[in-house]
Amino acid sequence: MGKASRVNQTAVSDFFLLGLSDKPEEQPLLFGVFLGMYLVTMTGNLLIILAISSDPHLHTPMYFFLANLSLTDACFTSASIPKMLANIHTQSQTISYLGCLTQLYFLLMFGGLDNCLLAVMAYDRYVAICQPLHYSTAMSPQFCVLMLAMCWVLTNCPALMHTLLLTRVAFCAHKAIPHFYCDPSALLKLACSDTRINELMIITMGLMFLTAPLMLIVLSYVRISWAVFGISSPGGRWKAFSTCGSHLTVVLLFYGSLMGVYLLPPSTHSAERESRAAILYMVIIPMLNPFIYSLRNRDMKEALGKLFGNGKMFFLP
């Protein structure tokens, strides 16, 4: 590789996010659609957080983790969509070197935190259904805060390490990323230096953020299934499963979208396919989560009704 084709990372000023379409006539539609989805996502998750924090009846482990999941979803979406909207509005595709690394860090951290919280919520349902007599002691407020802190540490440290390792990578003159966000794999394809340690870090993070939480979720639901099918009354079985329905729906949507891309053969991978999957788990699922968790949840419906009824949301008298 010649010197002319290599650019040291300290000299890199910008990357180019190619976005979802290069057709100018489609940009207004994309801007409107994604602005609408972003506003719905932020409003829905904010309402979940406000409803849970304002209703003492929802100050339980399950809703504590749900409020944190809503906060994580809002931050996860905010790490990429505002920049995409700004680029469409200004008709620019650039993102600075520092901005790209910053975006990458927050995407990795909040994406990993999403996985971790889904696993913790599965464990919470396991304890509630399989060990109901010990639930209040096993899921004490102190233990819930400790699990949340562990999730933050376990996701922040690898995300920060991966981002710092990227600062050691030298990038070539071609700096176009075929996505609407700074994708780590796409960034490494632009490198002119050795990236083996970065690729190893991606595999390690995949095992930590995807495989390990998914295994914990599967094991929790296997135990839950055994316990539920041991209940003699159909009404009791339905009541036990109904407390897991919303969480299981979110898990299937989230991991299904990830597996639909990353477990396919490499020959089938394409920037377009990966962008569609990213839209699903970075935008659509965080937008749907508040509806999934509230529409069939009587406690959440009552809390949201009180929130609107008391005028806390719109500062009504």
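Residues numbered from 1 in each chain as written. Predicted model: local features only at pLDDT ≥ 70, side-chain atom pairs only at ≥ 80, totals over all residues. Heavy atoms only, no water.

In the nomenclature of an unreviewed UniProt entry, the protein chain corresponds to Olfactory receptor from the organism Ursus maritimus. Database annotation for the protein chain, UniProt heading Function (unreviewed entry): "Putative odorant or sperm cell receptor." (UniProt positions renumbered as here; feature names shortened; annotations may be inferred.)

### Focus: the sheet that holds strand β5 (residues 176-177)
Pairing in this open sheet of 3 strands is mixed, and the strands run β3-β2-β5 from one edge to the other. Looking along the sheet, the strands with just one partner apiece sit at the ends: β3 (94-96) and β5. Where strand β2 (residues 14-17) meets β3, 3 bridges bridge the pair, whose relative direction is antiparallel. If you follow F16 over to β3, its bridge partner there is T94. Along the sheet, helix α4 (residues 97-130) contacts β2, β3 and β5; its crossing angle with β3, the most-contacted strand, is approximately 85°. (Pairing = 2+ DSSP bridges. Helix = DSSP H or I, 4+ residues; strand = E, 2+ residues; numbered from the N terminus. Contact = heavy atoms within 4.5 Å. Axes fitted to C-alpha atoms, helices over the stretch in contact; angles between N-to-C directions.)

### Considerations on the side chain of H247
Relative to the helices and strands, H247 is located in helix α10 (residues 245-262). If near-sequence neighbours (up to four positions away) are discounted, H247 is found in contact with L118, M121, A122, Y221 and Y293.

### Regarding the nonpolar core
Nonpolar side chains in soluble globular proteins tend to end up buried together. Residues F15, F34, L118, I177, L187, Y281 and M282 are the most contacted members of the largest nonpolar core, which totals 91 residues. A per-element tally of this core places α4 first, with 20 residues. Leave out the neighbours within four places in its chain, and F15 touches Q93, T94, I95, Y97, C100, F171, K175, I177, L187 and L190. (Core = buried A, V, L, I, M, F, W, Y, C linked by side-chain atoms within 4.5 Å. Buried < 20%, exposed > 50% of the residue type's maximum accessible area, 1.4 Å probe, protein only.)

### Thoughts on the UniProt feature "transmembrane region" (unreviewed entry) in the protein chain
Here the UniProt feature "transmembrane region" (unreviewed entry) sits at residues 29-51, 102-123, 143-161, 200-222, 243-265 and 277-295. This span, residues 143-161, is 100% helix and 0% strand, and a straight line between its end C-alpha atoms measures 27 Å. Here residues 200-222 runs as 100% helix and 0% strand, with 31 Å between its end C-alpha atoms.

### A short note on the state of the cysteines
Here a disulfide denotes a covalent bond joining the sulfur atom of one cysteine to the sulfur atom of another. A complete count under the given rule lists 2 disulfides for this structure. The disulfide partner of C100 is C182, and the S-S distance across this bridge is 2.1 Å. With the S-S bond torsion at -135°, the cross-link from C100 to C182 turns out left-handed. Of this pair, C100 sits in helix α4 while C182 sits in the loop between β5 and α7 (184-189), and the two are 82 residues apart along the sequence. Classification of C100 as buried rests on a relative accessible area of 0%. Of the residues examined, C182 reaches a relative accessible area of 0% and is grouped as buried. Each sulfur of the disulfide joining C116 and C151 lies 2.4 Å from the other. A torsion of -75° about the S-S bond marks the disulfide between C116 and C151 as left-handed. Residue C116 is found in helix α4, and its partner C151 is found in helix α6 (residues 141-166); the two are separated by 35 residues along the sequence. Residue classification places C151 among the buried residues on the basis of a relative accessible area of 3%. (Disulfide = S-S within 2.5 Å.)

### What to know about the environment of C151
The spacing of C151 and G112 is 39 residues in sequence and 8.5 Å in space, taken between C-alpha atoms. If sequence neighbours within four positions are ignored, C151 has contacts with L113, C116, L117 and V120.

### Focus: the pairing of β2
Side chains F15 and L17 project from β2 onto a buried face, and the interleaved D14 and F16 project onto a face without burial. Note: β2 against β5, 2 bridges, orientation parallel. In the sheet register, F16 faces β5, and the bridge partner there is A176.

### Digging into the packing of helix α1 (residues 27-54) against helix α2 (residues 61-78)
Look at α1 against α2: their axes get within 9 Å of each other, and the N-to-C directions meet at 155°. On the basis of the axis angle, α1 is roughly antiparallel to α2. Helix-helix and strand crossings are classified by hand; for α1 and α2 the assignment is left-handed. Here α1 contributes Y38, T41, M42, N45, I48, I49 and I52 to the contact with α2, which in turn contributes Y63, L66, A67, S70, L71, D73, A74, T77 and S78. Each residue belonging to the contact of α1 with α2 can be placed in one class, and the counts come to 10 nonpolar, 5 polar and 1 charged. (Parallel < 35°, antiparallel > 145°, perpendicular 65-115°, else oblique. Left-handed = near helix turned anticlockwise from the far one by under 90°. Nonpolar A, V, L, I, M, F, W, Y, C, P; charged D, E, K, R; others polar.)

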